[in-house]
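Structure assessment
The primary structure of each chain is shown beneath.
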Amino acid sequence: MPVRLPRAVTLLAFTLTSCGYVGPVLPPSPELPQAVTDLSVIERGDRLFIAFTTPARTTDSLPVEHFSQVDLRLGTYQTPFDFNAWAAAATAYQLPPPPAADPSNPLAISMNQQIPVADWVGKRVAIAVRTAVKKKDHFSAWSNRAVINVVAPIPPPVIHVTSTAKGVLVSWQPSPGATDYRVSRKAAADNAPVQLGVSQTNNYLDEGSQYDTPYVYTVVAAHDLAESLPSRPESITATDTFAPSVPSGMTALAGPNSIEVSWQRSPESDLKGYFIYRSVDNGPFEKIGDLLTVPTFSDRNVQHGKTYRYQVSATDQKNNTSERSTPAEVSY
């Protein structure tokens, strides 16, 4: 006669024989965020501007949904550098944690902090940050450290802009403490000023500027990682009132039936052409012919036994005309 097992025993036997392999039990996550690696600092005006991005994952690659604390510290830099000693003496700045992240798509979040320089002028300081997601004494490792020599705030330069034949000239008086000047220009099509270059003197020539185009210029004075606020913007719409250079290399050669006059081509990109002038037997110079587009002229209205002198001037598309060249003389 078969023996009927109790129902509980039957269920246990079924469970043991039907379950798949479960695998090892994982320890709980330490919930330590990865360290910040991109902390940077620059002194601008009377403040230190600090920037970094928070990590998206923990050290065991789990997504960071929210931070409980962002601990930024600033303290005197010492050699050799020891993070523990530095952190114990550094000033702590507690930043508001960033908004909670989507755990299915964790992203690094940009953060910024401004700190007045008044208490740190003349000191070499180090800055670092760490974060926590679990509890206040459960921090990530310290970030990369940013080191800066804090100097007295550099005043923004007062600039002037002037139109010249070679471009817009931006000039200023030197700012105390500055060694470099970063020149920026904004045209109508630009969303923001574009840096043109850096000058170690008190002026900068914008040779890439165009006539009849409005521009706005600003200059920032700088020294190492310290810079001034931008100067007050100065606007200009340059107009072409500048004549081409005086033609050079004039020659006049007598031929069988003419005098051949030539000169060096003018280098200006907006050149329109040349006017030629002639003097006969030391008489007054008079313009002959129409506008020339090439640097040569054949004078066929000549007579033997006379002396001819020639001058030439250059004119541009705005009808700005140069002075006349040095005369070239020939006896025919």
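Report follows, based on the coordinates. Keep in mind the model is a prediction, meaning the values are calculated, not measured.

Here's the deal with the nonpolar core
With 21 residues, the main nonpolar core has Leu39, Leu48, Phe52 and Leu72 as its most contacted residues. The residues touching Leu39, leaving out its near neighbours within four places in the chain, are Ile50, Ala51, Phe52, Leu72, Ile127, Ala128, Val129, Ser143, Asn144 and Ala146. By size, the runner-up hydrophobic cluster in this structure holds 19 residues, among which are Ile276, Val312, Ala314 and Tyr332.

Considering empty space enclosed by the protein
Per the stated rule, a full pass over the model turns up one cavity of 30 Å³ or more. Val64, Phe67, Ala101, Leu107 and Ile109 are the residues nearest the centre of the largest cavity, which is lined by 13 residues in total.

Overview of the pattern of salt bridges
Across all of its chains, the model carries seven salt bridges by this definition. In this structure, the salt-bridge partner of Arg44 is Glu227, at a minimum N-O distance of 2.7 Å. Linking Arg44 in strand E1 (residues 40-44) with Glu227 in strand E14 (residues 226-227), this pair joins segments that are 183 residues apart in sequence. Accessibility expressed as a relative area gives 9% for Glu227, which makes it buried.

So, the side chain of Ser199
Among the secondary structure elements, Ser199 is positioned in strand E11 (residues 194-199). Note on Ser199: relative accessible area 7%, which makes it buried. Here the side chain of Ser199 touches Thr201 through a polar contact of 3.0 Å, side chain to side chain. A distance of 2.9 Å separates a polar atom in the side chain of Ser199 from the backbone oxygen of Asn203.

Quick notes on the side chain of Ser322
Inspection of the secondary structure puts Ser322 in the loop between strand E21 (307-316) and strand E22 (328-331). Among all residues touching Ser322, those that are not within four sequence positions of it are Ala243, Pro244, Ser245, Val246, Pro247, Ser313 and Ala314.

Quick notes on unusual backbone geometry
Between Thr79 and the following residue, Pro80, the backbone shows a cis peptide bond with an omega angle of -5°. Here Pro80 is to be found in the loop between strand E3 (69-76) and helix H2 (83-89). Its identity is not glycine, yet Glu31 carries a phi of approximately 55°, on the positive side. By the element assignment, Glu31 lies in the loop between helix H1 (7-18) and E1. Its relative accessible area of 32% is what places Glu31 among the partly exposed residues.

Remarks on the layout of surface pockets
Of the volumes computed, that of the largest pocket is approximately 500 Å³. In terms of lining, the largest pocket is formed by 23 residues, of which the most central are Ala165, Tyr211, Asp240, Ser269 and Asp270. Going through the elements one at a time, strand E8 (159-164) and strand E9 (167-172) are the ones with two or more residues in the lining of the largest pocket. When grouped by side-chain class, the residues that make up the lining of the largest pocket number eight nonpolar, seven polar and eight charged.

Observations regarding the packing of aromatic side chains
Scanning all chains against the criterion turns up nine aromatic pairs. On the basis of an interplanar angle of 0° and a centroid distance of 6.2 Å, the ring pair of Phe83 and Trp142 is categorised as stacked. Taken together, the residues Phe83 in helix H2 and Trp142 in the loop between strand E6 (124-132) and strand E7 (146-149) connect sequence positions 59 residues apart. Among the residues examined, Phe83 registers a relative accessible area of 25% and is labelled partly exposed. Ring geometry for Trp263 and Tyr274: centres 5.4 Å apart, planes at 70°, overall edge-to-face. Note that Trp263 is positioned in the loop between strand E17 (259-262) and strand E18 (271-280) and Tyr274 in strand E18, a separation of eleven residues in sequence. Grouping residues by exposure puts Trp263 and Tyr274 together as buried. Put simply, the rings of Tyr77, Phe81, Phe83, Trp86 and Trp142 pair up and form one aromatic cluster. Positioned above the aromatic ring of Phe139 is the side chain of Arg130, whose terminal nitrogen or guanidinium carbon lies 3.9 Å from the ring centre. Positioned above the aromatic ring of Tyr277, the side-chain terminus of Arg324 is 3.8 Å from the ring centre.

Here we look at the sheet that holds strand E16 (residues 251-254)
An order of E16-E17-E20 is seen for the three strands of this open sheet, with the pairing classed as antiparallel. In this open sheet, the two strands that pair with only one neighbour each are E16 and strand E20 (296-299). Adjacent strand axes in the sheet meet at a mean angle of 15° when their direction is disregarded.

Description of the pairing of strand E13 (residues 214-223)
With respect to burial, E13 is a largely interior element, seven of its ten residues being buried. In terms of strand pairing, strand E10 (residues 180-187) meets E13 through eight bridges, oriented antiparallel. For Lys186, the partnering residue across the bridge sits in E13 and is Val216. Inspection of the sheet shows E13 paired to E14 by two bridges, in the antiparallel sense. Across the sheet, residue His223 finds its bridge partner in E14, namely Ala226. Count of turn residues in the E13/E14 antiparallel hairpin: two residues, of which Asp224 carries a positive phi of about 55°.

The rules behind these values
- Residues numbered from 1 in each chain as written.
- Predicted model: local features only at pLDDT ≥ 70, side-chain atom pairs only at ≥ 80, totals over all residues.
- Heavy atoms only, no water.
- Core = buried A, V, L, I, M, F, W, Y, C linked by side-chain atoms within 4.5 Å.
- Buried < 20%, exposed > 50% of the residue type's maximum accessible area, 1.4 Å probe, protein only.
- Contact = heavy atoms within 4.5 Å.
- 1 Å grid on protein atoms, 1.4 Å probe; cavity = no way out; pocket = protein on both sides within 12 Å on 5 of 7 lines; lining within 4 Å.
- Points joined across faces, edges and corners; volume = space filled by probe spheres on them.
- Salt bridge = Lys/Arg side-chain N within 4 Å of Asp/Glu carboxyl O.
- Helix = DSSP H or I, 4+ residues; strand = E, 2+ residues; numbered from the N terminus.
- Polar contact = N/O pair within 3.5 Å; in protein donor to acceptor, adjacent residues only side chain to side chain.
- Nonpolar A, V, L, I, M, F, W, Y, C, P; charged D, E, K, R; others polar.
- Phe/Tyr/Trp six-rings, centres within 6.5 Å; stacked < 30°, edge-to-face > 60°.
- Lys NZ or Arg CZ within 6 Å of the ring centre and 35° of its normal.
- Pairing = 2+ DSSP bridges.
- Axes fitted to C-alpha atoms, helices over the stretch in contact; angles between N-to-C directions.

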